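# Structural description and commentary
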Amino acid sequence: MDAIRSKIDAIDRQMAALYEQRMALVMTIAEYKYNNNENIFDSEREAAVVEKNLKFLTDSEFENCYIEFLHFIMDQSKRVQSQWIETQKKNNESHGAE
Ligand SMILES: C=C(O[C@@H]1C=C(C(=O)O)C=C[C@H]1O)C(=O)O
């Protein structure tokens, strides 16, 4: 079991790095949306993300779980974008009042 868990650890390690990279890109998108007054939620893009990534699965056993996983990380990304944008707005308000 240890050997298998080592493999899981190695995958988790890669996923942590990828997760961080994804979130960093998501934050640059937040900045763009804030500057251009765009909505955080983009349903067409989310549908495309699910559709294109499902094609990378080699069997359908985990398809539903994977769809949930994608929605979960996209929900997280919307949450952090929203938090970041709210912080910008608050900072702007407080500077504007000076
Ligand atoms: C990151 C974005 O914002 C949201 C989050 C997405 C994601 O995490 O992939 C996709 C679409 C948006 O609902 C984006 O618009 O690309």
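Above this text sits the structure in question.
Here is a short report on the structure shown in this document. (Residues numbered from 1 in each chain as written. Predicted model: local features only at pLDDT ≥ 70, side-chain atom pairs only at ≥ 80, totals over all residues.)

### Quick word on unusual backbone geometry
To keep it simple, the criterion reads: Strands here are runs of E lasting at least two residues and helices are runs of H or I lasting at least four, both read from the DSSP assignment and numbered beginning at the N terminus. Three exposure classes are used, all based on how many other C-beta atoms lie within 10 Å of a residue's own C-beta (placed from the backbone): buried at 20 or more, exposed at 12 or fewer, and partly exposed between those limits.
Not every positive phi belongs to a glycine, and asparagine 37 is a case in point at roughly 55°. Mapped onto the fold, asparagine 37 is located in the loop between helix H1 (2-36) and helix H2 (43-54). Among the residues examined, asparagine 37 registers 6 C-beta atoms within 10 Å and is labelled exposed.

### As for the environment of aspartate 42
For aspartate 42, the location among the structural elements is in the loop between H1 and H2. For aspartate 42, a count of 15 C-beta atoms within 10 Å corresponds to the partly exposed category. As a C-alpha pair, aspartate 42 and alanine 3 span 39 residues in sequence and 42 Å in three-dimensional space.

### Quick look at the site of the ligand
The criterion, for reference: The criterion for a residue being near a molecule or strand is a backbone-placed C-beta atom within 6 Å of that molecule or strand. Amino acids are sorted into nonpolar (Ala, Val, Leu, Ile, Met, Phe, Trp, Tyr, Cys and Pro), charged (Asp, Glu, Lys and Arg) and polar (every other residue, Gly among them).
Around the ligand lies a shell formed by Val26, Ile29, Ile40, Phe41, Asp42, Arg45, Glu46, Val49, Met74, Ser77 and Lys78. Looking at the shell around the ligand, the elements with two or more residues in it are H1, H2 and helix H3 (63-96). In terms of residue class, the shell around the ligand is made up of 6 nonpolar, 1 polar and 4 charged.

### Quick word on H1
For clarity, the cut-off: Take the number of residues in a helix, subtract one, and multiply by 1.5 Å to get its expected span.
Here H1 spans 50 Å end to end across 35 residues, near enough to the 51 Å set by a 1.5 Å rise per residue. With respect to burial, H1 is a largely exposed element, only 1 of its 35 residues being buried. Following H1 by one or two positions, asparagine 37 adopts a phi angle in the positive range, close to 55°.

Worth remembering: the numbers are spatial, not functional.
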